[in-house]
There are 2 protein chains.
Amino acid sequence: MSVPDSHPRAKSLKLRERLVDGLHKGLVTESGLIAHGRGEAFDYLLGERTHPFATEAIAMASALLTLAKHPVLSINGNAAALAGQEFVDLHREFPHLLLEVNLFYWSQDRAEKILAHLQSFGADQILQSRSAESILLPGTENPRRMVHPEGMGRADVVLVSLEDGDRCEALIAGGKKVICVDLNPLSRTGQKSHVTIVDELTRALPLLHEQMRSDRGVSADVLQARVASFDRRAILAAAIAAIRTG
Amino acid sequence: MSVPDSHPRAKSLKLRERLVDGLHKGLVTESGLIAHGRGEAFDYLLGERTHPFATEAIAMASALLTLAKHPVLSINGNAAALAGQEFVDLHREFPHLLLEVNLFYWSQDRAEKILAHLQSFGADQILQSRSAESILLPGTENPRRMVHPEGMGRADVVLVSLEDGDRCEALIAGGKKVICVDLNPLSRTGQKSHVTIVDELTRALPLLHEQMRSDRGVSADVLQARVASFDRRAILAAAIAAIRTG
């Protein structure tokens, strides 16, 4: 079923189609569909638009990713289904941003399907969190904390989308700077990340891409000053206020 | 995967399991899973508890259903998967509340599976909105407005759960009093229904059941006074305030 562009909620319905399609193709899980619905509700309360607290967090994310020695974009099933193209575009223009497929509900089959999906957008090198070379992030022995030694294993900055709270905490405990894209500023991931971009993923990534382009010409000193002046708590408070007051 | 009772979000995770199970059994659609996620987000903002604006709406619903000549409980895939038992329990104790299966994404196969699911809880007579005898509700020729002539077709009061806005409006245009159970007081269904119970379905139905039991001994005059004093706008405003301010 295709949605006409004139429909008032066309964008939201198209994203939903990508997710359902992702479920049928084996990229997305049933839990992923429910999680997407939760995100939709928060986006609905935000008026389905990018707010200033999000653009500010995106500017901070751009500075961190530009300054990083070893930045990684962590991609799960929902992120791949919704924004595979956007992630690959970003990686192709900024190849120092590595792509790593990291799944909450892992299976070999699912990981391979996500890999193939990202390759269809032209991604060359993609790391996988669960593989023969995997190492564990500090914390429990939970296989969900497995990461690639050349990817998140040695990353200084990691961008996660729609991420589980435990995993986000494990990354932070492992000494990484964590940037998350999460529509719920009250979630554990939203609360614990160093930078929380409270925005819908397919709106946020092109803005991050643009910002990184314009930050190419910016000196490290200026970017560092931007990082130093970033007020994490104010951003979160503004996002919570927007959800609460509309 | 079963969830231990000690888990802080055990109830919510069990409901999610019922939905995913419903998808695998063919009762629930992918869109139903996403819709459930939206509901979860609103319930999260409500603190996952029944608020006074919900108990007040439930008391009003009980009065309307008790006074009704021909009340119908409309059941879709999500409602059946989440609260099939609760609907059937209510119908068995109050057989004048007819059960009618009414699906947004209809297929013969899906309708039959939902019927069998409700029968497994001991339901005897269950009507189906789409059948050889179906009639159309006023409005468009949309087959989604088909109802059973002995059920919603001649109902004076209809309780809908997790219902689509168009269908809710068609019922109202058809002269029915509509009671909805919907976690989003801002939705079209929530805004347009005569009585909006902003609560999670499996919490609300047992409360409605109890209230109807205690209303058995109450005179029609007292129930009518309750109906007359019901303030729809105040209930909606309180629910919206709760979601906005926590």
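Residues numbered from 1 in each chain as written. Chains lettered and ligands numbered in written order. Predicted model: local features only at pLDDT ≥ 70, side-chain atom pairs only at ≥ 80, totals over all residues. Heavy atoms only, no water.

(A) Seen up close, the packing of aromatic side chains. Applying the stated criterion across every chain yields a total of four aromatic pairs over all chains. Taking 6.4 Å as the distance between ring centres and 80° as the angle between the ring planes, the aromatic pair formed by Phe42 of chain A and Tyr44 of chain B counts as edge-to-face. Of this pair, Phe42 of chain A sits in helix 2 (residues 30–45) while Tyr44 of chain B sits in helix 2 (residues 30–45), on two different chains. (Phe/Tyr/Trp six-rings, centres within 6.5 Å; stacked < 30°, edge-to-face > 60°. Helix = DSSP H or I, 4+ residues; strand = E, 2+ residues; numbered from the N terminus.)

(B) Examining the pattern of salt bridges more closely. All names here are of chain A. The tally for this structure, following the rule as stated, stands at 30 salt bridges over all chains. Here Glu200 ties to Lys11 by a salt bridge, and the two come within 3.8 Å at their closest N and O atoms. Of the two residues, Glu200 sits in the loop between strand 8 (195–197) and helix 8 (201–215) while Lys11 sits in helix 1 (residues 10–25), which places them 189 residues apart along the sequence. Among the residues examined, Lys11 registers a relative accessible area of 46% and is labelled partly exposed. Ionic pairing is found between Glu93 and Arg216, a salt bridge with its closest N-O pair at 3.1 Å. With Glu93 in helix 4 (residues 77–93) and Arg216 in the loop between helix 8 and helix 9 (220–229), the pair connects residues that are 123 residues apart, well separated along the chain. In this structure, a network of salt bridges that share partners links the residues Asp166, Glu169, Arg188 and Lys192. (Salt bridge = Lys/Arg side-chain N within 4 Å of Asp/Glu carboxyl O. Buried < 20%, exposed > 50% of the residue type's maximum accessible area, 1.4 Å probe, protein only.)

(C) Representation of the interface of chain B and chain A. Across the boundary between the two partners, chain B contributes 25 residues, which contact 25 residues of chain A. Interface of chain B and chain A: buried area, both sides summed, is about 2100 Å²; carbon and sulfur atoms make up 66% of it. Broken down residue by residue, the surface that chain B buries against chain A is led by Glu30, Ile34 and Arg244 of chain B, which jointly contribute 31%. For the pair chain B and chain A, the number of links is two salt bridges. Here Arg38 of chain B and Glu40 of chain A are joined by a salt bridge, their closest N and O atoms 2.6 Å apart. If you list the elements that add at least two residues to the side of chain B that touches chain A, you get helix 1 (10–25), helix 2 and helix 10 (232–245) of chain B. For the side of chain B that touches chain A, the leading source of residues is helix 2 of chain B, giving 11 residues. Of the residues in the side of chain B that touches chain A, the class split is 13 nonpolar, seven polar and five charged. (Contact = heavy atoms within 4.5 Å. Buried area = accessible area lost by both parts, 1.4 Å probe. Nonpolar A, V, L, I, M, F, W, Y, C, P; charged D, E, K, R; others polar.)

(D) Summary view of the sheet that holds strand 7 (residues 177–181) of chain A. Residues and elements named next belong to chain A. Spatially, six strands are ordered 3-2-1-6-7-8 in an open sheet, and the strand pairing comes out parallel. The open sheet is flanked by strand 3 (126–128) and strand 8, the only strands paired with a single partner. With strand direction ignored, the average angle separating the axes of adjacent strands in the sheet is 25°. By the bridge criterion, three bridges tie strand 7 to strand 8 in an arrangement that is parallel. Directly across from Val181, in strand 8, lies its bridge partner Ile197. Contacting strand 1 (71–75), strand 2 (98–101) and strand 6 (157–161), helix 4 crosses the sheet at an angle of about 155° to strand 1. (Pairing = 2+ DSSP bridges. Axes fitted to C-alpha atoms, helices over the stretch in contact; angles between N-to-C directions.)

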